[in-house]
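# A structural walkthrough
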Amino acid sequence: MSEKTIDRSWIRREPGATPRLEYGADYNPDQWPREVWDEDVRLMRRAGVTVVSLAIFSWARIQPAADVWDFEWLDDAMDLLHANGISVDLATATASPPPWLTTAHPEILPVTRTGETVWPGARQHWRPTSAVFREHALRLVDAVATRYADHPALVAWHVSNELGCHNIYDYSDDAAREFRLWLERRYGSVDALNVAWGTAFWSQRYSAWEQVLPPRLAASHPNPTQQIDFKRFSSDALKDYLVAERELLRRITPEVPVTTNFMIMNETNGMNYADWAAEVDFVSNDHYVLPGEQSRDELSFSANLTGGIAGHRPWFLMEHSTSAVNWQSVNLAKQPGELFRDSLTHVAHGADAVCFFQWRQSAAGAEKFHSGMVPHAGEDSDLYRDVVRLGETLRDLAPVAGTSVTPARAAILFDWESWWASEKDSHPTQLLRFRAEALDWYSAFLDAGVRVDVLPSAASLAGYDVVVAPVFYLMPQDTADALRAYVEGGGHLVTTYFSGIVDENDHVWLGGYPGALRELLGIRIQEFGPLLEGDTVALDNGTSGSVWTDRIDLEGADALVRYADGPQSTRPAVTRNTVGAGSATYVSTRLGPRGLAPVLAEVLELAGVESELPEPLRGSVELAVRGSADSEFWFLVNRTAEPVRIDGIDGEVIVRSVRDDGPALGSREVLVLRRPVTSTD
Ligand code: GLA
Ligand code: GLA
């Protein structure tokens, strides 16, 4: 088969197979006696499981010693699953090196910033840049791929597991060597590095490459550009490892798609997934909720962003939890309805697979109190019954499979490098949270009942009437130019405090903040005014701000809202500059979703963007839309603790998370309607 004719955009299915949503889990049969496996497949079939991720942590079992291989158990598991119609997303099993390897080669163990060795005993104790690790890992990949290349259960390769979950930052000598090579490729010469890193400061000037180190424990703030480059390098180093596994897999099984599970969730930020996405055949994500007021919105935000980096093609929800996890300080069980709501929210934002960690809850080990699809209580449990019912629901949702997310008219830009750079030490405040600001905007859109796409910052803005770029701190000239062109073309841009401050080397754009956007925004800031923890300032529209203020002078913009007290009292807090048919709005303080509401409402009105929901549903219901050529699927998720009446929306009910016919959608319930495509021309 030639490269051209191979479609690796999704897990392999028989030609002509009916489209479906996949359903399943990580499956770890090697933790259980053989007789349990028969029980497993019986319960999987009852639940409608279609796919499992197998052998993720099985390196020590598959290769018990350097030259000893034990595949019989895995042959057995693969055959058993296949005989029961369950396909396998087979792991390369490289996630956690076995004790014989770390004993023979302790030089593969990561080193922390403070010089401590990360010892074996948990998992993922390997240096991304270790040539020794890579040699052994690729030998395993080769053996696994060669053995199962033609196995009929194999539908995709699962590279390693959550690359970077525990080992993204390694400060070892291997890392130092590779970091220097990476820097040489980026800068070409030590002189250019000196300029980029601003080493005239604090006597940091380098005269040879071997003097350059990762930002290890230092006496005071390590060089900021060194820190950002180390983050860029660390993300690239693991991406390079992913590519190494993928290339080997491609050589052995060119027709089998390769994926790896990303962690787009909460504050996980070491891996630049916008950049990694191009290296996998389809995007997979893991998501776990943290308790808190915005936790449901956070899930939706993460799912939306995952769809954004997947280019709105279907993606694979590789892991989430049926109920509690084990790694938070208090691990809450899911409330009735949350399993459905969470799963369907991912589907609403483009997931064509709903999978869990893990199939059967472990009896031993660090994750024995982490929920699974089959809990300790066994099949006679509400949880397993819910799992069976979720399987039925996903079958009902089969018409959605393969459809794309229907683009919204508004977008939130999410910039990984600004996330890294804006939260560094030695800044005006340590209270700034990049992702929290972006999430506040997302909640404000949900409160307004207006759909919004969360996009990687390099995405095309064509077709978007409103673009919000929160805390876009690190702004190269070409990004600033693209935003200007967007506004000049009639777009409505909104940005916030600490945006457009530095270039790609973390050098300040001089002449008054925010240098990269000053003209476009029509403002000039001479000094920042961060606020102490817990302090707030009143605004003259009745809302209040926290975390940040700016001392703004207007240079063409209008003040929409002013500070009513605090150090900037009477000065502008929110400004707008009209540029041709477009506009550029600036919000200089953290307003939170409620404070953002009036600002957002004005921008939406200016841009002519309206909610697609009937008025009474706005805010209480999240709407997400997927579409094919002839149908649109409307996912309506109740965001509130109260029932919401669903009136005024036509459509054929495909799924209702609680099966009654009433017009009300209970708390945490989801309704999916199929509607004919409405032509806009
Ligand atoms: C000390 C140092 C200076 C500078 C200031 C910053 O005074 O001597 O070099 O770092 O702190 O407050
Ligand atoms: C991650 C890992 C899994 C498991 C879960 C627990 O997602 O990939 O192996 O540890 O966390 O929540």
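The model shown is predicted, which means the values in this text are computed figures rather than measured ones.

### Observations regarding the site of ligand 2
If you check the shell around ligand 2, you find Phe-57, Arg-123, Asn-161, Glu-162, Asp-286, Tyr-288, Glu-319, Trp-327, Phe-357, Glu-367 and His-370 and nothing else. Within the side chain of Arg-123, a nitrogen or oxygen atom sits 3.0 Å from an oxygen atom of ligand 2. Note that an oxygen atom of ligand 2 is positioned 2.8 Å from one of the side-chain N or O atoms of Asn-161.

### Comments concerning the nonpolar core
Among the nonpolar cores identified, the biggest contains 172 residues, and Leu-54, Leu-90, Trp-359, Leu-397 and Phe-445 are the most heavily contacted of them. Residue contacts for Leu-90: discarding those within four places in its chain leaves Leu-54, Ala-55, Met-78, Val-144, Tyr-148, Leu-154, Ala-156, Trp-157 and His-158. With 15 residues, the next largest nonpolar core counts Tyr-171, Tyr-187, Val-212 and Phe-233 among its residues.

### Digging into the sheet that holds strand S3 (residues 87–91)
Strand order in the open sheet formed by nine strands is S5-S4-S3-S2-S1-S9-S8-S7-S6, and the pairing between neighbours is parallel. Unpaired on one side and paired on the other, strand S5 (258–259) and strand S6 (261–262) mark the two borders of the sheet.

### Let's talk about the packing of aromatic side chains
Considering all chains together, one arrives at 38 aromatic pairs under this definition. Residues Phe-498 and Trp-548 carry aromatic rings whose centres are separated by 4.7 Å and whose planes lie at 40° to one another, so their mutual orientation is tilted. On the criterion of sequence distance, the pair formed by Phe-498 in the loop between strand S14 (492–496) and helix H16 (518–521) and Trp-548 in the loop between strand S17 (544–546) and strand S18 (550–554) is long-range, its members being 50 residues apart. Each member of the pair, Phe-498 as well as Trp-548, carries the same accessibility label: buried. Their ring planes at 10° and their centres at 4.1 Å tell us that Tyr-513 and Phe-528 sit as a pair that is stacked. Of this pair, Tyr-513 sits in the loop between S14 and H16 while Phe-528 sits in strand S15 (residues 523–528), and the two are 15 residues apart along the sequence.

### A closer look at the pairing of strand S13 (residues 466–469)
Here S13 shows a buried face lined by Val-466 and Val-468 and a second buried face lined by Val-467 and Ala-469. Relative to S13, strand S11 (residues 410–414) runs parallel, the two being bridged by three bridges. What sits directly across from Ala-411, in S13, is Val-467. Taken together, S13, helix H15 (residues 477–488) and S14 constitute a β-α-β crossover, and its handedness is right-handed.

### Some points on unusual backbone geometry
The peptide bond linking Phe-357 to Gln-358 adopts the cis configuration, its omega dihedral lying at -10°. Positionally, Gln-358 belongs in the loop between strand S9 (351–356) and helix H12 (382–396). Note the cis peptide between Tyr-513 and Pro-514, where omega equals -15°. Secondary-structure assignment places Pro-514 in the loop between S14 and H16. Phi is positive for Glu-162, which is not a glycine, with a value near 35°. As for its position among the elements, Glu-162 is in the loop between strand S4 (154–158) and helix H6 (173–187). Here the phi dihedral of Arg-668 falls at roughly 70°; this positive angle occurs in a residue that is not glycine. Topologically, Arg-668 is positioned in the loop between strand S26 (664–665) and strand S27 (670–676).

### Topic: the UniProt feature "binding site: substrate" (unreviewed entry) in the chain
Listed under "binding site: substrate" (unreviewed entry) in the UniProt record, and renumbered for this structure, are Arg-123, Asn-161 and Trp-327. Excluding residues that lie within four positions of it along the chain, Asn-161 makes contacts with Ile-56, Phe-57, Ala-95, Arg-123, Gln-124, Asn-261 and Glu-319. Within the secondary structure, Trp-327 sits in the loop between strand S8 (315–319) and helix H11 (338–348). Apart from the residues within four sequence positions on either side, Trp-327 is in contact with Tyr-288, Leu-290 and His-370.

### Thoughts on the state of the cysteines
Evaluated as defined, the whole model comprises zero disulfides. Of all cysteine sulfurs, the one in Cys-355 lies closest to Cys-165, which takes part in no disulfide; the gap is 18 Å. On the basis of relative accessibility, which here comes to 30%, the residue Cys-165 falls in the partly exposed class.

### Thoughts on the sheet that holds strand S20 (residues 572–579)
A sheet is described by the order of its strands in space; here seven strands give the open sequence S12-S11-S13-S14-S21-S20-S19, paired in mixed fashion. The sheet is open, and its two edges are formed by strand S12 (452–456) and strand S19 (558–562), each paired on a single side. Strand-to-strand twist of the sheet, defined as the mean angle between neighbouring strand axes without regard to direction, takes the value 20°. Bridging between S19 and S20 involves four bridges; their strand directions are antiparallel. Note on S20: the bridge partner recorded for Ala-559 is Thr-575. Contacting S11 and S12, helix H10 (residues 295–309) crosses the sheet at an angle of about 55° to S12. Contacts from H15 reach S11, S13, S14, S20 and strand S21 (582–587) within the one sheet, and its direction differs from that of S14 by about 140°.

### Here's the deal with the pattern of salt bridges
Proximity of charged atoms lets side chains of opposite charge pair with each other. One pass over the structure, following the stated rule, counts 49 salt bridges. Here Arg-639 ties to Asp-447 by a salt bridge, and the two come within 2.9 Å at their closest N and O atoms. A residue pair is termed long-range when its members are at least 10 positions apart, and Arg-639 in the loop between strand S23 (631–638) and strand S24 (644–645) and Asp-447 in helix H14 (residues 434–448) qualify at 192 residues. Several salt bridges converge on common partners, so that one network encompasses Arg-296, Asp-297, Asp-447, Glu-622 and Arg-639.

Calculation notes
Residues numbered from 1 in each chain as written. Chains lettered and ligands numbered in written order. Predicted model: local features only at pLDDT ≥ 70, side-chain atom pairs only at ≥ 80, totals over all residues. Heavy atoms only, no water. Near = heavy atom within 4 Å. Polar contact = N/O pair within 3.5 Å; in protein donor to acceptor, adjacent residues only side chain to side chain. Core = buried A, V, L, I, M, F, W, Y, C linked by side-chain atoms within 4.5 Å. Buried < 20%, exposed > 50% of the residue type's maximum accessible area, 1.4 Å probe, protein only. Contact = heavy atoms within 4.5 Å. Pairing = 2+ DSSP bridges. Helix = DSSP H or I, 4+ residues; strand = E, 2+ residues; numbered from the N terminus. Phe/Tyr/Trp six-rings, centres within 6.5 Å; stacked < 30°, edge-to-face > 60°. Right-handed = clockwise from strand over helix to strand, strands pointing away. UniProt positions renumbered as here; feature names shortened; annotations may be inferred. Disulfide = S-S within 2.5 Å. Axes fitted to C-alpha atoms, helices over the stretch in contact; angles between N-to-C directions. Salt bridge = Lys/Arg side-chain N within 4 Å of Asp/Glu carboxyl O.

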